[in-house]
Amino acid sequence: RLGFGRIEILTRPGTDRYRGQVSFNFNDDALNSRNPFADNRPPIQTRQYGGNFGGPLSKKKASFFIDFDKRDINDQALIVATILDANNNIVGFNETVAIPSRRTTFSPRIDYQINPNNTLIARYNYARNTRVTGVGGFSLPTRAYDTQNSEQSFQLTETAIINKTIVNETRFQFEHQSSSQDADNSLPTIEVSEAFTGGGSQVGQSHNTTKDWELTNNTSFAIGSHALKAGTRLRGVHIDQFSPQNFGGTYTFFGGSLGPVLNANEQPTGATDFITSIERYRRTQVLLAQGLSALEIRALGGGASQFRLSSGNPQTDVSQWDVGGYLQDDWKVRPNLTLSLGLRYENQSNVDSNLNFGPRIGFAWSPGGQQSKTVIRGGYGVFYERISESLTMTAERLNGVNQQQFTVQNPDFFPLIPTPEQLVTFAVPGSVYRLADNLQAPYTMQSVISVERQLPHNLTLATSYINIRTRHVLRTRPLNAPLPGTFI
């Protein structure tokens, strides 16, 4: 970034000595106090162990490094809710539910000196996480589901000293990330505002796989008082997503509305009062058991407030690539003055934004000469941001064709789940997302001035002023608000 120094270090493989370490951390509920909102102190235990080891494989030729870490956490989620018992009485619910999580990471690395002028570095990273989630707070145990995340990456770096003035570096990286959720979509979700959330979790058997790669090449030239650097970067990503989110439906019960007061026999007394969400749910269950119609139940202050359902094709695939190139020159005008000039260009697929040129200029000046203890740095630059593939994924998944979202106010079919074909006749369709035709890549204009002063006793004082202004910031714009056909 502008206005700050940069240090690059390249070490020679095989010159280190063998070294390593191991660690183990342990925590147990016996060592901690009880949660004041829980009735008891549930069993909780955390175990973390790992280590690393490295050293030369071949003297002055190759070296290695291995890192390993394992975490086992047996945690508990606290549920504090208000529910109905077997006799449809409103009661409190306080329970702790086990939510264990596991994490494993493994990362080996090898540095290899091919010849006096070429160095190769290979690195592999593996990480895996599993945990139980979706439960706690108002969410009841039926909402719990398993999640799994794994990530693997392979990195390769080759550095070539072409001659005394030219150094070339090539980097390649491939990443494979996958995540999955194992939940029950056969039961609809029941949301009772400020009381409880029960039923299924509505995540379903979902999974997401991301494969991305990156190739970068940088070349540095030293020509007289100029230090030139040029490079390119090419990246690609492919996402395969299966997301049956809310395909089983969600009923919501709200409170706060005025309704009749019922006696012990569930008959209106003639008085009215505000009905809480849990009371609305209780009346719905009791009156349904009595065989009343939906219209009669709503007249007595029951009935669901809202029903939401998603349907369509849960499968979505997105591919995207971007490319960037740059050229910069660090010119040592005088021993105490360095001027930096640069230009970067970026482009990407899925959007029509082609003129992404980012000029940059900077300087470093020691006003008292080379031996001065004060350095003044400054600069100005334009920095572009990429439009994330996640936005492209959302626009593809919620384009109004692949998936549809339906919302029914005051539904009269609780607890049944209608088909999407039945909902089309009276439901309000959900929002349709799309990327704007004139979408441009956001960019930031940054300027900075900083003063660094070396003080006695190896202390350094630095003061910086940074000004940042961003254009074409991304936002979600509602085209049909507040009324259909009313554009803003």
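Since this is a predicted model, take the numbers as computed values, not measurements.

Procedures and definitions
- Residues numbered from 1 in each chain as written.
- Predicted model: local features only at pLDDT ≥ 70, side-chain atom pairs only at ≥ 80, totals over all residues.
- Heavy atoms only, no water.
- Helix = DSSP H or I, 4+ residues; strand = E, 2+ residues; numbered from the N terminus.
- Rg over C-alpha atoms; globule rule 2.2 N^0.38 Å.
- Areas by Shrake-Rupley, 256 points an atom, 1.4 Å probe, with all protein chains shown as cover.
- Lys, Arg positive; Asp, Glu negative; His and termini not counted.
- Charge placed at Lys NZ, Arg CZ, Asp CG, Glu CD.
- Pairing = 2+ DSSP bridges.
- Buried < 20%, exposed > 50% of the residue type's maximum accessible area, 1.4 Å probe, protein only.
- Contact = heavy atoms within 4.5 Å.
- Salt bridge = Lys/Arg side-chain N within 4 Å of Asp/Glu carboxyl O.
- Phe/Tyr/Trp six-rings, centres within 6.5 Å; stacked < 30°, edge-to-face > 60°.
- Expected span 1.5 Å × (residues − 1).
- Patch = residues over 30% accessible without salt bridge, like charges linked within 9 Å, V, L, I, M, F, W, Y side chains within 5 Å.
- Core = buried A, V, L, I, M, F, W, Y, C linked by side-chain atoms within 4.5 Å.
- Polar contact = N/O pair within 3.5 Å; in protein donor to acceptor, adjacent residues only side chain to side chain.

Asker: Would you explain the overall build of the protein chain in this entry?
Answerer: Counting its regular elements, the protein chain contains four helices and 23 strands. At 31 Å, the protein chain has a C-alpha radius of gyration far larger than the 23 Å of a compact globule built from 488 residues. Of the roughly 28,100 Å² of accessible surface on the protein chain, a fraction of 55% belongs to carbon and sulfur atoms. Of the side-chain charges in the protein chain, 45 are positive and 41 negative, and the distance between the mean point of each set is 13 Å.

Asker: What exactly am I supposed to notice about the pairing of strand E16 (residues 315–334) here?
Answerer: Regular strands have side chains that alternate between both faces of the sheet. As paired strands, strand E11 (residues 226–242) and E16 are joined by 17 bridges and run antiparallel to one another. Bridge assignment links Val 237 to a residue of E16, and that residue is Gln 320. Where E16 lies against strand E17 (residues 337–348), twelve bridges are found, and the strand directions are antiparallel. When the sheet's bridge partners are listed, Leu 327 is paired in E17 with Leu 343.

Asker: Help me understand helix H3 (residues 389–397) in this model?
Answerer: Spacing of three or four residues puts side chains on the same side of an α-helix, whose turn is 3.6 residues. Along H3, the residues classified as buried are Thr 392, Met 393, Ala 395 and Arg 397. Buried-residue contacts for H3 involve E11, E16 and strand E20 (403–409).

Asker: What exactly am I supposed to notice about the pattern of salt bridges here?
Answerer: Where charged atoms from two side chains of opposite charge approach closely, those side chains can pair. Considering all chains together, one arrives at 15 salt bridges under this definition. For Arg 102, the salt bridge identified is with Asp 72, shortest N-O distance 3.6 Å. Here Arg 102 is found in strand E4 (residues 90–115), whereas its partner Asp 72 is found in strand E3 (residues 62–84), with 30 residues between them in sequence. With a shortest N-O distance of 2.8 Å, Arg 344 and Glu 346 are connected by a salt bridge. In this structure Glu 346 comes out as buried when scored by relative accessible area, which is 8%.

Asker: So what exactly am I meant to see when it comes to the packing of aromatic side chains here?
Answerer: Centre distance and the angle of the planes are the two values used to describe a pair of aromatic rings. According to the stated counting rule, one finds twelve aromatic pairs in the structure shown. On the basis of an interplanar angle of 55° and a centroid distance of 5.6 Å, the ring pair of Phe 53 and Phe 64 is categorised as tilted. Residue Phe 53 is located in strand E2 (residues 45–58), and its partner Phe 64 is located in strand E3; the two are separated by eleven residues in the primary sequence. In this structure an aromatic cluster arises from ring pairing among Phe 196, Tyr 251, Phe 253, Tyr 281, Phe 307, Phe 413 and Phe 414.

Asker: I'm lost on helix H1 (residues 277–289) in this one. Help?
Answerer: Spanning 13 residues, H1 covers 19 Å between terminal C-alpha atoms, matching the ideal 18 Å at 1.5 Å per step. Counting buried residues in H1 gives ten out of 13 residues, a clear majority hidden from the surface. Every buried residue belonging to H1 is among Ser 277, Ile 278, Glu 279, Arg 280, Tyr 281, Arg 282, Arg 283, Thr 284, Val 286 and Leu 287, and all of these are buried. Just past H1, the residue Gly 291 takes up positive phi, approximately 85°.

Asker: Which parts of the structure should I look at to understand unusual backbone geometry?
Answerer: With omega at 5°, the peptide bond leading from Phe 414 into Pro 415 counts as cis. Along the polypeptide, Pro 415 turns up in the loop between E20 and helix H4 (420–423). Phi angles above zero are rare outside glycine, and Asn 410 is one such case at about 50°. In this fold, Asn 410 is placed in the loop between E20 and H4.

Asker: In this structure, what is going on with a nonpolar patch on the surface? I would like to understand it.
Answerer: On the surface, a cluster of nonpolar side chains totalling about 730 Å² of accessible area is made up of Phe 154, Leu 156, Phe 172, Phe 174, Trp 213, Leu 215, Leu 234, Trp 321 and Val 323. Breaking the nonpolar patch down by element, the ones donating at least two residues are strand E6 (145–161), strand E7 (166–182), strand E10 (205–223) and E16. With respect to the helices and strands, the residue Leu 156 is situated in strand E6.

Asker: Can you help me understand the side chain of Ser 353 in this one?
Answerer: Its location among the elements puts Ser 353 in the loop between E17 and strand E18 (356–365). Ignoring anything within four residues of it in the chain, the contact list for Ser 353 reads Asn 347, Leu 439, Gln 440 and Ala 441.

Asker: What is the right way to read the environment of Gln 315 from this model?
Answerer: Along the chain, the position of Gln 315 falls in strand E16. Taking C-alpha positions, Gln 315 is 27 Å from Glu 191, a pair spaced 124 residues apart along the chain. Among residues more than four places away in sequence, those in contact with Gln 315 are Asp 240, Gln 241 and Phe 242.

Asker: Hey, could you run me through the nonpolar core in this one?
Answerer: A general tendency of soluble globular proteins is for nonpolar side chains to be buried together. Membership of the largest hydrophobic core comes to 27 residues, with the highest contact counts inside it found for Ile 190, Val 192, Phe 196, Tyr 251, Phe 253 and Tyr 281. Those elements that place two or more of their residues in this core are E3, E4, strand E8 (189–192), strand E12 (250–253), H1, strand E15 (306–312) and E20. Counting residues per element, this core draws most heavily on E3, which supplies five residues. Setting aside residues no more than four positions away along its own chain, Phe 196 makes contact with Ala 81, Thr 82, Ile 83, Phe 138, Leu 140, Ile 190, Glu 191, Ile 278 and Tyr 281. Core analysis: the second largest hydrophobic core is formed by five residues, Tyr 384, Ala 441, Tyr 443 and Met 445 among them.

Asker: What am I meant to see in the environment of Gln 177 here?
Answerer: Relative to the elements of secondary structure, Gln 177 occurs in strand E7. For Gln 177, the residues in contact, after removing those within four places along its chain, are Ser 150, Glu 151, Asn 208, Thr 209, Thr 210 and Asp 212. There is a polar contact of 3.4 Å between the side chain of Gln 177 and the side chain of Glu 175.

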